[in-house]
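A look at the structure
Each chain, letter by letter, is given below.
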Amino acid sequence: MSTRVERLTEFRHADLTELVQATEDAIRENIGFNWVVPPGKDVLETYWKGVLVVPERVLFIARLEGTLAGSVQLLKPGPSKETSSFSASIEAHFVAPWARGHGLAKLLLEAVEREARAQGFSILKLSVRKTQEAAIQLYEENGYTHWGTLPYYEFESAQMIPGHFYYKNLEPISTLV
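Summary of the structure given here. This is a predicted model, so every value here is computed, not measured.

Cut-offs and rules
- Each chain carries its own residue numbering, running from 1 in the direction its sequence is written.
- Given that this is a predicted model, residues contribute local features only at a pLDDT of at least 70 and side-chain atom pairs are listed and counted only at 80 or more, while totals for whole chains, interfaces and linings are drawn from all residues.
- The side-chain figures draw on all heavy atoms in the structure; neither hydrogens nor water molecules are used.
- For helices the rule is a DSSP run of H or I covering at least 4 residues; for strands it is a run of E covering at least 2, with both sets numbered from the N terminus onward.
- The contact criterion used is simple: two residues touch if any of their non-hydrogen atoms lie within 4.5 Å.
- Computed by Shrake-Rupley with a 1.4 Å probe, the accessible areas treat only the displayed protein chains as cover when residues are assessed.
- None of His or the chain ends enter the tally, which takes Lys and Arg as positive and Asp and Glu as negative.
- Note on charges: their place is set at NZ of Lys, CZ of Arg, CG of Asp or CD of Glu.
- Multiplying one less than the number of residues by 1.5 Å gives the expected span of a helix.
- Using a 1.4 Å probe on the protein chains alone, a residue whose accessible area is under 20% of its type maximum counts as buried, one over 50% counts as exposed, and one in between counts as partly exposed.
- When DSSP finds at least two bridges between two strands, those strands are taken to pair.
- The axes used here are C-alpha line fits, helices contributing only the stretch in contact, and every angle between their N-to-C directions lies in the interval 0 to 180 degrees.
- What counts as a ring pair is set by centres within 6.5 Å for rings of Phe, Tyr and Trp (its six-membered ring), and what kind of pair is set by the plane angle: stacked under 30 degrees, edge-to-face over 60, tilted for all other angles.

Our focus in this paragraph is the overall build of the chain. Helix and strand counts for the chain stand at 4 helices and 7 strands. Overall, the chain shows an N-to-C arrangement of helices and strands of β-α-α-β-β-β-α-β-α-β-β. By its C-alpha atoms, the chain is 45 × 40 × 35 Å across when sized along the principal axes. Contacts in the chain between residues at least 24 apart in sequence constitute 61% of all its contacts with a sequence separation of at least 6. Total accessible area computed for the chain in this model is approximately 9,500 Å², and 52% of it derives from carbon and sulfur atoms. Computing the positive centroid from 18 side-chain charges and the negative centroid from 22, the chain places the two 2 Å apart.

Okay, here's the thing in structure tokens:
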């Protein structure tokens, strides 16, 4: 199968439609996005268009056989975050259910890590629901350190879902001082 990851700076015609569909599929499979039910194509289109206009967000997408199947975002600190300017966060890392098992999640993770290093970040941070076992395994296998758990991370199906917090050193912290 043909797989590819790329940084997306503008949507081509089919890209937005495919990304919205992949997002809806992920939400239906309880992969994330803070929605239990997909909110509608117009809301998701607005969300994804917004990602591209925020200077602190870098969007990577994954393709399987040419079809957009997942994404990850590098969230850089804003200019008012001087004391934490050494660290960035990973958000909206997902692969649509129909495209799983082809290594796209790892390729996306590697791409966002390369970008973070290239932009001079020393630490990458992320959070993930306890129920997202495949994602947790991926992060731990790729050197992310679990540093805490919030028992009340998300509310879904009339229950609280815990969330785990991770970080990865991209370079020794000693290089900062």
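So, on to helix H3 (residues 104-118). Its 15 residues give H3 an end-to-end C-alpha distance of 21 Å, which sits within 8% of 21 Å, the value for a rise of 1.5 Å per residue. By the burial criterion, the buried members of H3 are Leu104, Leu108, Leu109, Ala111, Val112, Glu113, Glu115 and Ala116. Directly after H3, the chain includes glycine 120, whose backbone phi takes a positive value near 85 degrees.

What follows covers the sheet that holds strand S6 (residues 145-156). The strand order across the open sheet formed by 7 strands is S1-S2-S3-S4-S5-S7-S6, and the pairing between neighbours is mixed. Edge positions in the open sheet fall to strand S1 (3-8) and S6, since each of these has one partner strand only. Strand-to-strand twist of the sheet, defined as the mean angle between neighbouring strand axes without regard to direction, takes the value 25 degrees. In the sheet, strand S5 (residues 123-129) pairs with strand S7 (residues 159-169) via 7 bridges, with the strands oriented antiparallel. Within S7, the position partnered with leucine 126 by the bridge is tyrosine 166. Its contacts with the sheet place helix H1 (residues 13-28) against S1, strand S2 (57-64), strand S3 (67-75) and strand S4 (87-95), and it is angled at close to 80 degrees to S3. In the packing of H3 onto the sheet, contacts are made with S1, S2, S3, S4, S5 and S7, and the angle to S2 comes to roughly 150 degrees.

On to the packing of aromatic side chains. Scanning the model with the defined rule gives 5 aromatic pairs in all. For the ring pair tyrosine 153 and phenylalanine 165, a centre distance of 5.9 Å and an interplane angle of 85 degrees mean the geometry is edge-to-face. Of this pair, tyrosine 153 sits in strand S6 while phenylalanine 165 sits in strand S7, and the two are 12 residues apart along the sequence. The exposure class of tyrosine 153 is partly exposed, given its relative accessible area of 23%. For phenylalanine 165, a relative accessible area of 21% puts it in the partly exposed group. A network of ring pairs unites the aromatic residues Tyr139, Tyr144 and Tyr166 as a single cluster.

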